[in-house]
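Topology and contacts: notes
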Amino acid sequence: MHISEGVLSAPILISGAVLTAAGVTVGLKKMKDQDIPRTALISAALFVASLIHLPLGPTSVHLILNGTAGIILGWQIFPAILISLFLQSILFQFGGITTLGINTFNIAFPGIAAYYLFSFARINSNFRLGILSFISGGFAVFLTSILVAFSLAFTDQSFLEIAKLSVVSYLPVIIIEGIITVFVVFSIKKININILGGIKEDV
Amino acid sequence: MFNKLNQSILLLLLLAVLLFLTSAVLAHGVHLDAYVEGNKIIAEASFSDGAAIKNSEINIYDEHGYLLNTYQTDENGIVEFKIPVLEDLKLVLNDNLGHQDQYIVKRSKLPAEFQSSNPESKMEAVNDVSEEQLRIIVSEELDKKLAPINHDLDQLSNSGPGMTEIIGGIGYIFGLMGLYFYFKKREN
């Protein structure tokens with residue numbers, strides 16, 4: 001998911017940076033003091049998650065956890081992803097500084113989508129909670145792979161071709177992250193449901 | 001207060017599990033390395049943990065950015081090809097999913113015998129054939145001997161992120177959190 005430097009053209013990089021700047025602004029505006037430790041912790045988890053590789057599929061893929069993070073953080077996922085991707089690019093040489101904007105958007109935006117999708121869940125229905133956790137976690141990765149294909153389509157190849165390749169290689173991650181999200185949501189439910197930003201209003 | 005404590009314990013636990021998992025795992029991003037052996041260039045494509053990238057395209061450009069040739073990596077992620085021209089050669093690896101790396105083979109790294117294949121030096125070479133041949137043999141042997149060392153060096157520079165970087169990154173994130181709280185407190 002880390003698009004390298006020198007692959008994308010300037011218009012894509014700039015629009016990605018603008019969208020990310022907008023998202024981070026919204027995220028920081030909505031962030032209250034008590035959200036800070038949670039955002040930092042999830043940011044650290046996302047930073048580490050991309051080191052977990054799945055030796056499946058045609059290429060080597062890694063966990064993203066943007067669905068799980070989106071459900072927990074909501075709009076604060078933008079600053080969380082921005083920080084973790086920035087540190088990954090300078091410490092691990094994943095991705096790059098110029099592609100930071102587009103990469104952040106490609107990962108954070110599906111997280112927000114998962115957040116709103118998950119808001120349909122109800123705390124008293126375990127079945128509905130489980131299904132929506134799975135769908136939100138998987139859908140975020142799916143949307144990310146589509147967005148990556150979309151950004152790459154502006155370079156030279158056809159969109160459908162890359163989208164197919166991208167979705168197929170992320171298929172194992174889609175399923176695994178769906179399952180991880182179910183586990184995370186249920187363990188959070190047991191401990192303290194208020195950690196989940198999206199479901200708070202329904203309690 | 002109790003809820004807050006539980007919340008942080010859970011998230012810390014999640015983090016610890018993720019951290020634990022990393023010790024057995026691999027890193028991401030693609031990596032391209034190349035070295036010269038005889039009159040061939042050998043390029044190795046790998047993920048940053050060292051796993052080979054099979055059947056991936058490697059494009060060879062000359063120093064003016066003109067595409068000379070495209071090769072496909074084999075089972076071990078290796079491509080072997082004859083030196084096409086005596087210039088700085090740029091090798092570019094792209095996996096079509098947005099990962100890219102490049103390696104530039106400097107002209108000075110290209111072998112002497114290939115450089116001496118132009119007609120002028122061949123004329124001179126007639127006088128001291130033995131010395132010229134000796135040079136070629138020594139250089140070929142040296143390349144062969146050095147190939148595994150080159151390979152090891154590539155692996156060494158390509159071992160992926162270590163514990164230092166991981167812990168360091170997490171430290172930065174919590175440092176930022178502390179900084180935010182510090183300034184927040186001063187504001188009040």
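Residues numbered from 1 in each chain as written. Chains lettered and ligands numbered in written order. Predicted model: local features only at pLDDT ≥ 70, side-chain atom pairs only at ≥ 80, totals over all residues.

Looking only at helices and strands, chain A has 7 helices and 2 strands in total. Along chain A, from the amino end to the carboxyl end, the secondary structure elements read α-α-β-β-α-α-α-α-α. Taking the intrachain contacts of chain A between residues at least 6 apart in sequence as the baseline, contacts between residues at least 24 apart amount to 76%. (Helix = DSSP H or I, 4+ residues; strand = E, 2+ residues; numbered from the N terminus. Contact = placed C-beta atoms within 7 Å.)

Turning our eyes to something else, we now look at the sheet that holds strand E3 (residues 57-61) of chain B. All names here are of chain B. Strands sit in the order E4-E3-E6-E7 across an open sheet of 4 strands; the sheet is antiparallel. Across the chains shown, the open sheet's two edge strands, defined by having one partner strand only, are strand E4 (67-72) and strand E7 (100-105). Geometrically, the sheet is characterised by an average inter-axis angle of 20 degrees between neighbouring strands, direction not taken into account. Bridge analysis of E3 against E4 gives 5 bridges, and the strand direction is antiparallel. Bridged to Asn59 within E4 is Thr70. (Pairing = 2+ DSSP bridges. Axes fitted to C-alpha atoms, helices over the stretch in contact; angles between N-to-C directions.)

According to UniProt, the feature "transmembrane region" (unreviewed entry) maps to residues 166-183 of chain B in the numbering used here. From the first C-alpha to the last, residues 166-183 of chain B spans 26 Å; its make-up is 100% helix and 0% strand. (UniProt positions renumbered as here; feature names shortened; annotations may be inferred.)

Another aspect to go through is the UniProt feature "transmembrane region" (unreviewed entry) in chain A. Residues and elements named next belong to chain A. If you check UniProt for "transmembrane region" (unreviewed entry), the listed places come out as residues 6-28, 40-57, 63-87, 94-118, 130-155 and 167-188 in our numbering. Helix makes up 83% of residues 6-28 and strand 0%. Its end C-alpha atoms lie 30 Å apart. Taken end to end, residues 167-188 is 100% helix and 0% strand, and its two terminal C-alpha atoms sit 29 Å from one another.

We now examine the sheet that holds strand E1 (residues 30-37) of chain B. All names here are of chain B. Ordered in space as E1-E2-E5, the 3 strands form an open sheet in which the pairing is antiparallel. The open sheet has two free edges, formed respectively by E1 and strand E5 (78-82), since each of these has just one partner strand. Pairs of neighbouring strands in the sheet enclose a mean axial angle of 20 degrees, with direction left out of account. For E1 and strand E2 (residues 40-47), the ladder comprises 8 bridges, and the chain directions are antiparallel. The partner of Asp33 across the bridge, within E2, is Glu44.

Before going further, it helps to spend a moment on unusual backbone geometry. Its identity as a non-glycine residue notwithstanding, A:Leu65 has a phi of 60 degrees, on the positive side. The residue A:Leu65 is located in the loop between strand E2 (61-62) and helix H3 (66-73) in this model.

We now examine the packing of helix H2 (residues 36-49) of chain A against helix H4 (residues 77-91) of chain A. Residue and element names in this part refer to chain A. It is the contact of H2 with H4, at a shortest axis distance of 8 Å, that shows an interaxial angle of 40 degrees. Between H2 and H4, the interaxial angle falls into the category oblique. In this structure, H2 meets H4 at a crossing whose hand is right-handed. For the pair H2 and H4, the contacting residues are Thr39, Ile42, Ser43, Leu46 and Phe47 in the first and Pro79, Ala80, Ile81, Ile83, Ser84, Leu87 and Gln88 in the second. Per-class residue counts for the contact of H2 with H4 are 8 nonpolar, 4 polar and no charged. (Parallel < 35°, antiparallel > 145°, perpendicular 65-115°, else oblique. Left-handed = near helix turned anticlockwise from the far one by under 90°. Nonpolar A, V, L, I, M, F, W, Y, C, P; charged D, E, K, R; others polar.)

Now for the nonpolar core. In terms of nonpolar packing, the biggest core is built from 70 residues, with A:Leu46, A:Ile77 and A:Ile81 touching the most fellow members. Elements with a contribution of two residues or more to this core: helix H1 (10-30), H2, H3, H4, helix H5 (100-118), helix H6 (126-153) and helix H7 (159-191) of chain A together with helix H5 (163-187) of chain B. Setting aside its immediate chain neighbours within four residues, A:Ile77 contacts A:Gly27, A:Ala69, A:Gly70, A:Ala108, A:Gly111 and A:Ile112. Within the second largest apolar cluster, 17 residues are counted, among which are B:Ala34, B:Val36, B:Phe47 and B:Ile53. (Core = buried A, V, L, I, M, F, W, Y, C linked by C-beta atoms within 7 Å. Buried ≥ 20, exposed ≤ 12 C-beta atoms within 10 Å, placed from the backbone.)

Our focus in this paragraph is the environment of B:Asp101. Looking at where B:Asp101 falls in the secondary structure, it is placed in strand E7. Expressed as a C-alpha distance, the spacing of B:Asp101 and B:Leu91, which sit 10 residues apart in the sequence, is 8.5 Å.

Our next topic: the pairing of E4(B). Burial analysis of E4(B) places just 0 of its 6 residues in the buried class, a small minority of the element. The hairpin turn running from E3(B) into E4(B), its antiparallel successor, is 5 residues long, and B:Gly65 in that turn takes a positive phi close to 80 degrees.

It is worth spelling out the confidence of the model for chain A at this point. Mean pLDDT for chain A: 84, with 90% of residues reaching 70 or above. Here strand E1 (residues 53-54) of chain A stands out as the least confident element of chain A, with mean pLDDT 70; H5(A) is the most confident, with 92. (pLDDT = per-residue confidence, 0-100.)

Attention now goes to the environment of A:Ser136. With respect to the secondary-structure elements, A:Ser136 resides in helix H6. Apart from the residues within four sequence positions on either side, A:Ser136 is in contact with A:Gly67, A:Ile71, A:Ala114, A:Leu117, A:Phe118 and A:Thr181.

On to H5(A), then. For H5(A), spanning 19 residues, the distance from its first C-alpha to its last is 27 Å, which sits close to the expected 27 Å at 1.5 Å a residue. Counting buried positions along H5(A) yields 17 of 19 residues, so the element is predominantly enclosed. (Expected span 1.5 Å × (residues − 1).)

Residue and element names in this part refer to chain A. Packing of H3 against H6 brings their axes to within 7 Å, and their N-to-C directions diverge by 120 degrees. In this structure, H3 crosses over H6, and the sense of that crossing is right-handed. Listed contacts from H6 to Asn66, Gly67, Thr68, Gly70 and Ile71 of H3 are Ser136, Gly137, Gly138, Phe139, Ala140, Val141 and Thr144.

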